[in-house]
Amino acid sequence: MHRTQIYLDDDQTIRLDQRAAAEGATRSTVIRRAVDEYLTREERDAAAWQEQWRKAVEETAGIAPHLDEGAEYVEGLRRGDAERLSGFER
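Conventions we followed
Residues numbered from 1 in each chain as written. Predicted model: local features only at pLDDT ≥ 70, side-chain atom pairs only at ≥ 80, totals over all residues. Heavy atoms only, no water. Helix = DSSP H or I, 4+ residues; strand = E, 2+ residues; numbered from the N terminus. Rg over C-alpha atoms; globule rule 2.2 N^0.38 Å. Buried < 20%, exposed > 50% of the residue type's maximum accessible area, 1.4 Å probe, protein only. Areas by Shrake-Rupley, 256 points an atom, 1.4 Å probe, with all protein chains shown as cover. Lys, Arg positive; Asp, Glu negative; His and termini not counted. Charge placed at Lys NZ, Arg CZ, Asp CG, Glu CD. Expected span 1.5 Å × (residues − 1). Polar contact = N/O pair within 3.5 Å; in protein donor to acceptor, adjacent residues only side chain to side chain. Salt bridge = Lys/Arg side-chain N within 4 Å of Asp/Glu carboxyl O. pLDDT = per-residue confidence, 0-100. Axes fitted to C-alpha atoms, helices over the stretch in contact; angles between N-to-C directions. Parallel < 35°, antiparallel > 145°, perpendicular 65-115°, else oblique. Contact = heavy atoms within 4.5 Å.

Caption draft 1: Region of the structure containing the overall build of the protein chain. Each helix and strand counted, the protein chain has 3 helices and 0 strands in total. When the elements of the protein chain are put in sequence order from the N terminus, they spell out α-α-α. In summary, the protein chain has a C-alpha radius of gyration of 27 Å against a globular reference of 12 Å for 90 residues, an excess of more than 25%. The dimensions of the protein chain, computed from C-alpha atoms along their principal axes, are 75 × 35 × 25 Å. Buried residues in the protein chain amount to 4% of all 90 residues. A total accessible area of about 8,600 Å² is found for the protein chain, and carbon and sulfur atoms account for 52% of it. Treating the 14 positive side-chain charges of the protein chain as one cloud and the 20 negative ones as another, the clouds have centres 5 Å apart.

Caption draft 2: Expanded view of helix α1 (residues 10-23). In this model, α1 (14 residues) spans 20 Å end to end at C-alpha, consistent with the 20 Å of a helix rising 1.5 Å per residue. Capping of α1 at its N-terminal end is provided by D9; its side-chain oxygen lies 3.2 Å from the backbone amide nitrogen of D11. Immediately beyond the C-terminal end of α1, within one or two residues, lies G24, with a positive phi of roughly 65°.

Caption draft 3: Fine view of the pattern of salt bridges. Summed over all chains, the structure comprises 7 salt bridges. The residue D11 makes a salt bridge to R15 at a minimum N-O spacing of 3.3 Å. You can see D11 and its partner R15 sitting in helix α1, 4 residues apart, about one turn around the helix. A salt bridge links D81 to R84, with the shortest nitrogen-to-oxygen separation between them at 2.3 Å. Of the two residues, D81 and R84 are both situated in helix α3 (residues 70-89); the distance of 3 residues between them amounts to about one turn of the helix.

Caption draft 4: Just the environment of T26, in detail. You can see T26 is positioned in the loop between α1 and α2 (27-60). The exposure class of T26 is partly exposed, given its relative accessible area of 46%. Through-space distance from the C-alpha of T26 to that of G70 is 57 Å; in sequence the pair is 44 residues apart.

Caption draft 5: Spotlight on the confidence of the model for the protein chain. Taken as a whole, the protein chain shows an average pLDDT of 92; of its residues, 99% reach a score of 70 or greater. When mean pLDDT is compared element by element in the protein chain, α1 scores highest at 97, while α3 scores lowest at 89.

Caption draft 6: How the structure looks around the packing of α1 against α2. Two elements in contact, α1 and α2, have axes whose closest approach is 9 Å; the angle formed by their N-to-C orientations is 100°. Classified by the angle their axes make, α1 and α2 are roughly perpendicular. When α1 is examined against α2, the residues T13, L16, D17, R19, A20 and E23 are found in contact with a partner set consisting of R27, V30, I31 and R33.

Shown next as C-alpha cells:
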C-alpha cells in the first residue's frame, strides 16, 4: 500500500466524514472504494466503446465491394489528388 496525500475542500471533507461515519469505515477506506469504483467504471466504459467499434466495423465490412481494398483505395485517391493539383500548376 502507498501513502498519498490530497487536499479536499471543506464540503468534500464534511461529506466524506459523514459517509465514513454512516458506513462505520475510515475516511481512507471510503476514498479507496471510490477510487476503485471510478477506475472500474472507466475500464468498463473503454471496453464497451471498443466492443461498439468492433461491431460497427464488422457490420460495415464489405459494404462497398466496388471500392478497392484499403491501401489500393488510398493510393487511388492520392493519384487523383495529384492529377487535379498538377492541373493548377500549369
